[in-house]
Amino acid sequence: MDLVHDGFTRKTTPMVPLTRRALLAGASAGALTAALPGGVLGAEAPVAVLRSGLGRAHLEGSGRPAADLWLFNGRSPGPLLRLTRGVSQTVRVINDLAEPTTVHWHGLRIDNAMDGVPGLTQEPIPPGGTFDYTLTPPDSGSFWYHSHYKGAVQMDRGLYGPLIVEDDSPLDVDLDHMVVLDDWRLTEQGALDQRGYGDVRERAHGGRYGNVLTINGREQETLPVPADGWVRLRLLNAANARVLPLTLTGANAWVAAKDGLTTRLVGLDPNPLLLAPAQRVDLLIRTAAPGTTVALSFVSPQETLALLTLEIGDTVAPERTPTLTPAALPEPDRTDPFRVPLPMEGGAMGGLEGARHKGVRKPLRELAREHGLVWALAGDAGMPEKPLFTVARGRTVELGMANLTGWDHAMHVHGHHLRVVEWSQRPPQVGGWHDTVLMRPRENVIAAFVADNPGKWLLHCHMMEHHAGGMVTWFEVT
Ligand SMILES: [Cu+2]
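Now for a description of the structure that goes with this document.

**So, the sheet that holds strand β14 (residues 221-227)**
Strand order across the open sheet formed by 5 strands is β14-β22-β21-β16-β19, with mixed pairing between neighbours. At either margin of the open sheet sits one strand with a lone partner, and together these are β14 and β19 (273-275). Averaged over all pairs of adjacent strands, the angle between their axes in this sheet comes to 25°, without regard to strand direction. Relative to β19, strand β16 (residues 244-249) runs antiparallel, the two sharing 3 bridges. Bridge assignment links Leu244 to a residue of β19, and that residue is Leu275.

**Here we look at the environment of Arg56**
Structurally, Arg56 can be placed in strand β4 (residues 47-57). Distance from Arg56 to Ala66, taken between C-alpha atoms, is 5.6 Å for residues 10 residues apart in sequence. Reaching out from Arg56, the side chain makes a polar contact with the side chain of Asp68 at a distance of 2.5 Å.

**Structural notes on the nonpolar core**
The biggest cluster of nonpolar side chains holds 38 residues, and the ones touching the most others in it are Val397, Leu399, Met401, Met411, Leu459 and Phe475. Each of two domains, domain 2 (179-316) and domain 3 (338-477), supplies a minimum of three residues to this core. For Leu459, the residues in contact, after removing those within four places along its chain, are Leu342, Leu377, Leu399, Met411, His412, Val413, Val472, Thr473, Trp474 and Phe475. With 29 residues, the next largest nonpolar core counts Val179, Val225, Leu308 and Ile312 among its residues.

**So, the sheet that holds strand β12 (residues 175-184)**
The 6 strands are arranged β13-β12-β15-β20-β17-β18 in an open sheet whose pairing can be described as mixed. Because the sheet does not close on itself, it has two edges, and the strands there are β13 (212-215) and β18 (261-267). Each adjacent strand pair in this sheet contributes to an overall mean axis angle of 25°, direction not counted. Two elements, strand β15 (residues 230-237) and strand β20 (residues 280-286), share 7 bridges in a ladder whose sense is antiparallel. Across the sheet, Leu233 pairs through a bridge with Leu283, a residue of β20.

**Overview of empty space enclosed by the protein**
Any empty space left between atoms is shown by rolling a water-sized probe over those atoms. Evaluation of the coordinates by the stated rule reveals 4 cavities of 30 Å³ or more. When its volume is computed, the second largest cavity comes out at roughly 60 Å³. Lining the second largest cavity are Arg109, Leu329, Pro330, His416, His417, Trp433, Phe449, Val450 and Asp452. Considered class by class, the residues forming the lining of the second largest cavity number 5 nonpolar, 2 polar and 2 charged.

**Topic: the layout of surface pockets**
Its boundaries defined by the atoms lining it, the largest pocket holds a volume of some 620 Å³. Lining the largest pocket are 26 residues, with His148, Lys150, Gly151, His467 and Ala468 sitting closest to its centre. There is about 470 Å³ of room inside the second largest pocket. Around the second largest pocket, the lining is made up of 27 residues, and of these Ser140, Asp167, Ser169, Thr262 and Thr325 lie nearest the centre. Only β11 (160-166), β15 and β18 provide two or more residues apiece to the lining of the second largest pocket. Looking at the lining of the second largest pocket, its residues break down into 11 nonpolar, 7 polar and 9 charged. Counting only domains with at least three residues in the lining of the second largest pocket, you end up with domain 1 (3-168) and domain 2 (179-316).

Conventions used here
Residues numbered from 1 in each chain as written. Predicted model: local features only at pLDDT ≥ 70, side-chain atom pairs only at ≥ 80, totals over all residues. Heavy atoms only, no water. Pairing = 2+ DSSP bridges. Helix = DSSP H or I, 4+ residues; strand = E, 2+ residues; numbered from the N terminus. Axes fitted to C-alpha atoms, helices over the stretch in contact; angles between N-to-C directions. Polar contact = N/O pair within 3.5 Å; in protein donor to acceptor, adjacent residues only side chain to side chain. Core = buried A, V, L, I, M, F, W, Y, C linked by side-chain atoms within 4.5 Å. Buried < 20%, exposed > 50% of the residue type's maximum accessible area, 1.4 Å probe, protein only. Domains from an automatic or database assignment. Contact = heavy atoms within 4.5 Å. 1 Å grid on protein atoms, 1.4 Å probe; cavity = no way out; pocket = protein on both sides within 12 Å on 5 of 7 lines; lining within 4 Å. Points joined across faces, edges and corners; volume = space filled by probe spheres on them. Nonpolar A, V, L, I, M, F, W, Y, C, P; charged D, E, K, R; others polar.

Structural data, given as structure tokens:
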């Protein structure tokens, strides 16, 4: 077995290293594709339907026992959902699971009632139930949808899918391809390893790491592209907890969008780029001469795992230069911001003594034993009953995010995109807009946004075990 050691997570005691097992198992590249037929929802249908249910998929290829997964429309990732900017469309979610669910449309700045957070914006969809989500996305770009009910388990089992919002002037490229990355924890027999769900020790460390890395549900992809052409790769990290270090070799490439929203073109910095859970990065790639290849790979100090290979054929693309318009959101007004301290505390070796839980201060030992809570966000462990802050619509909010823990966190704000305006160590999020900010250990950043979307919005770590372990709060825009 060819082990991969992820340099960023080596300190994680219960870490499960990635393996090339899936690649070496002799599985055909199309095995999962065949098991999970493709499909695109959206423009063709006035009402798109997402049906959550149980299914089986050969994650490690044919000839092995299939993994029991939870799927949208029989596949994971679920079908690519295409919406149009500014156009209202209904997505009907039918819940065929034996437990409740909801769907969150990650990164879409939509109506609060459609945000999919159980207990905050809607009641959970019961087994056999249906919920119509009406979505009018204000931004074009690369997004995704996923379960937001017991997400640490439902997302890990496969309940997520890609979402693209088109506009009138799509980037003129030869190939536009969404890349959904996930790491799965599989047993030697190829089944989903269900041990560890809800494990407090795992919550207190880096979260749940898988041992098999997939791209769009399969082990590797190879696509043909013309020479001297342009490729848009929309990268999404759908993993529960693993930060993915990714490199692109064989071509010049630029970052064209972050967390969905187009940005001024910048080079890959850092390289490898770090894609935190829930983050997206769109790469614009200039393909080179015929016969060469471009490779997107997961890299660690010890190992490189090829994920996507672009094979440049003899055809030469028509000469042109794609033009990109950076997303125009209201700029934060930093002259009189509403300042919110957001200390992040706890976790293994964090020294946290206690925190508030539902308004009552409790020692960490009791929080962990009775509630499975090991993290605190702004002093609260777990979802507080009252909002962390209430702010009038239109005001600029500055979140003073301080990672006082020894662990990475991927801080996600619902309903808004933020700018990182100050930092203690240069984070990868400088420039552009973000809905998810990767916080390295002991790092401080100030993230600013105009609170222009009324409603009750969640703010949490998108490392799903950290969310389940207490790193979650909410705020209200009135
Ligand atoms: Cu976290």
